[in-house]
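Structural characterization, general
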Amino acid sequence: MCRLIAYKGSPIVLDKLLYQPKNSLINQSFQAKELEEPLNGDGFGVGWYVPDLHHEPATFVSVFPAWNNKNLKSLAPKIKAQCLFAHVRAASVGDVSESNCHPFQYRNLLMMHNGGVEEFGKIKRKLREPLTDELYQWIKGQTDSEHIFAYLLNHLFRNYNEVNIAAVTDAFENTYSTIKDLMENNGINDPAYLNMALSNGEFIVATRYVSDTKETPLTLYHSEGSRYVCEDGICRMLEPNEREQAVLIVSEKLTDVQRDWKEIPANHFVIVDRDLIVTIKPIN
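The following refers to the structure shown. (Residues numbered from 1 in each chain as written. Predicted model: local features only at pLDDT ≥ 70, side-chain atom pairs only at ≥ 80, totals over all residues. Heavy atoms only, no water.)

**Overview of the environment of I249**
Inclusion rule: By the criteria applied, helices consist of DSSP H or I runs no shorter than four residues and strands consist of E runs no shorter than two, each listed in order from the N terminus. When accessible area is computed with a 1.4 Å probe and restricted to protein chains, residues below 20% of their type maximum are described as buried, those above 50% as exposed, and intermediate ones as partly exposed. Any pair of residues with heavy atoms lying within 4.5 Å of one another is described as a contacting pair.
Within the secondary structure, I249 sits in strand β12 (residues 246-250). By relative accessible area, I249 is classed as buried at 1%. Considering only alpha carbons, one finds I249 and G9, 240 residues apart in sequence, at a separation of 12 Å. Apart from the residues within four sequence positions on either side, I249 is in contact with L4, I5, A6, I204, A206, L220, Y221, H222, V270 and V272.

Now the structure itself:
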């Protein structure tokens, strides 16, 4: 089912999220604690923004397990960013290939997903049909995730001149409503689990969602403070202050410090704006 981390705030070294916490994303790649299947070894990806150099993010994906990638281990202590995504994959829909590794990038946007749509092949063609030629050609992999994002982007660009938080939340709601209708019309009875995140480097919009409200969605938490620090193997979110701010959105709590982590309610957005103000709101 995959695991993910999204971060925005004071510049942070990637290593402090991927390797140093007790329940780091690397540990979650082979020993996830909040999934029935603890293994997420079908590739990984990281994406981060360096606005002083380029408006588009850098990305690094691999089909190798995150716990066994020498390049990632070497790069993580040497990358610092104010906004970053990281993801470890457990393949459900699609082969183990770089084209199917998250985060997906479209221009200046990063996108990633934890979850899945059962029997996705039954609705795949319907999701592709409305796409512009550009977005149709943009899809390189086979995953439900990439197709869902292409549909979301198609709605976003056709209905809005600017990519802002309101436009993105509307695009998510339209996309989830469409997927739910398509599932019902094509005899898909199992629920869709859609914990997704999108960023342009200035804001993050993420969702904790399941199509059947009688079911419990996959886990998602957020943490906010001044900085996320790791010292002598102990990681924690420092109390907020006026000079620095930081927000984390994670599939699993990175540490056992319970006060650091707040669970996102079922079928809600968690939104981090450019001023690092966090908003939790229902998905209509």
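Now that the structure has been shown, the text picks up again.
**Digging into the packing of aromatic side chains**
Heads up, the rule is: When two rings of Phe, Tyr or Trp (its six-membered ring) have centres within 6.5 Å they constitute a pair, described as stacked for plane angles under 30 degrees, edge-to-face for angles over 60, and tilted for the intermediate range. For a lysine, the NZ atom is tested; for an arginine, the CZ atom; a charge sits over a ring if that atom is within 6 Å of the ring centre and within 35 degrees of the ring normal.
If you walk through the whole model with that rule in mind, you get eight aromatic pairs. Considering the side-chain rings of Y106 and F157, the 5.7 Å spacing of their centres and the 35° angle between planes classify their relative orientation as tilted. With Y106 in strand β5 (residues 104-106) and F157 in helix α6 (residues 144-159), this pair connects stretches of sequence that are 51 residues apart. Assessed through its relative accessible area of 32%, F157 is described here as partly exposed. In this arrangement the basic side chain of R107 is found over the ring face of F157, its NZ or CZ atom lying 5.8 Å from the centre. In this structure, R128 packs its charged tip against the face of Y136, placed 4.1 Å from the ring centre.

**Quick notes on the sheet that holds β5**
Filter applied, for reference: In this analysis, strands are considered paired if DSSP registers two or more bridges between them. Orientation is described by axes fitted as lines to C-alpha atoms, over the contacting stretch for helices, and by angles from 0 to 180 degrees between their N-to-C directions.
Across the sheet, six strands lie side by side as β5-β6-β7-β8-β14-β15; this open sheet has antiparallel pairing. Each having just a single partner strand, β5 and β15 (278-282) make up the two edges of the open sheet. Strand-to-strand twist of the sheet, defined as the mean angle between neighbouring strand axes without regard to direction, takes the value 20°. Bridge analysis of strand β7 (residues 193-199) against strand β8 (residues 204-208) gives four bridges, and the strand direction is antiparallel. Its bridge partner lying in β8, M196 is registered against T207. Where α6 meets the sheet, it contacts β5, β6 (109-116) and β7, and its direction lies at approximately 130° from that of β6.

**Description of the sheet that holds strand β4 (residues 80-88)**
Read from one edge to the other, the open sheet built from seven strands follows the order β3-β2-β4-β1-β12-β9-β13, with strand pairing classed as antiparallel. Where the open sheet ends on each side, the last strands, each with one partner, are β3 (58-62) and β13 (262-263). Strand direction decides the pairing type here: strand β9 (residues 221-225) and β13, joined by two bridges, are antiparallel. The residue bridging Y221 from the neighbouring strand is E263, located in β13.

**Examining α6**
Since there are 3.6 residues in each turn of an α-helix, residues three or four apart along the chain are aligned in direction. This is how it is decided: For a helix, the expected span equals 1.5 Å multiplied by the number of residues minus one.
Counted at 1.5 Å a residue, the expected span for α6 with its 16 residues is 22 Å, and the 23 Å between its end C-alpha atoms agrees. The buried fraction of α6 is high, at 13 of 16 residues.

**Things to note about the state of the cysteines**
Just so we agree on the cut-off: Here, the term disulfide refers to a pair of cysteine sulfur atoms separated by no more than 2.5 Å.
Under the criterion given, the structure shown has one disulfide. With no disulfide of its own, C83 lies 18 Å from the sulfur of C230, the closest cysteine sulfur.

**Quick look at the side chain of T175**
In plain terms, the rule: Any pair of nitrogen or oxygen atoms within 3.5 Å is treated as a polar contact; in protein, a donor-acceptor pairing is required on top of that, and neighbouring residues in sequence qualify only through side-chain atoms on both sides.
Tracing the sequence through the fold places T175 in helix α7 (residues 165-185). Within the local environment of T175, its side chain forms a polar contact with the backbone oxygen of A171, the two atoms lying 2.7 Å apart.

**Quick look at the packing of α6 against α7**
The relative placement of two packed helices is expressed as an angle between their axes plus a distance between the axes. Put simply, the rule is: For this classification, under 35 degrees means roughly parallel, over 145 means roughly antiparallel, 65 to 115 means roughly perpendicular, and everything else is oblique. Each helix crossing is assigned a hand: it is left-handed if the near helix lies turned anticlockwise from the far helix by less than a right angle, otherwise right-handed if that turn is clockwise.
With their axes 9 Å apart at the nearest point, α6 and α7 run at an angle of 125° to one another. By the angle between their directions, the pair α6 and α7 is classed as oblique. Note that α6 runs across α7; the crossing there is right-handed. Facing α6, whose interface residues are I148, F149, Y151, L152, H155 and L156, α7 presents A167, V168, D170, A171, F172, N174, T175, T178 and I179.

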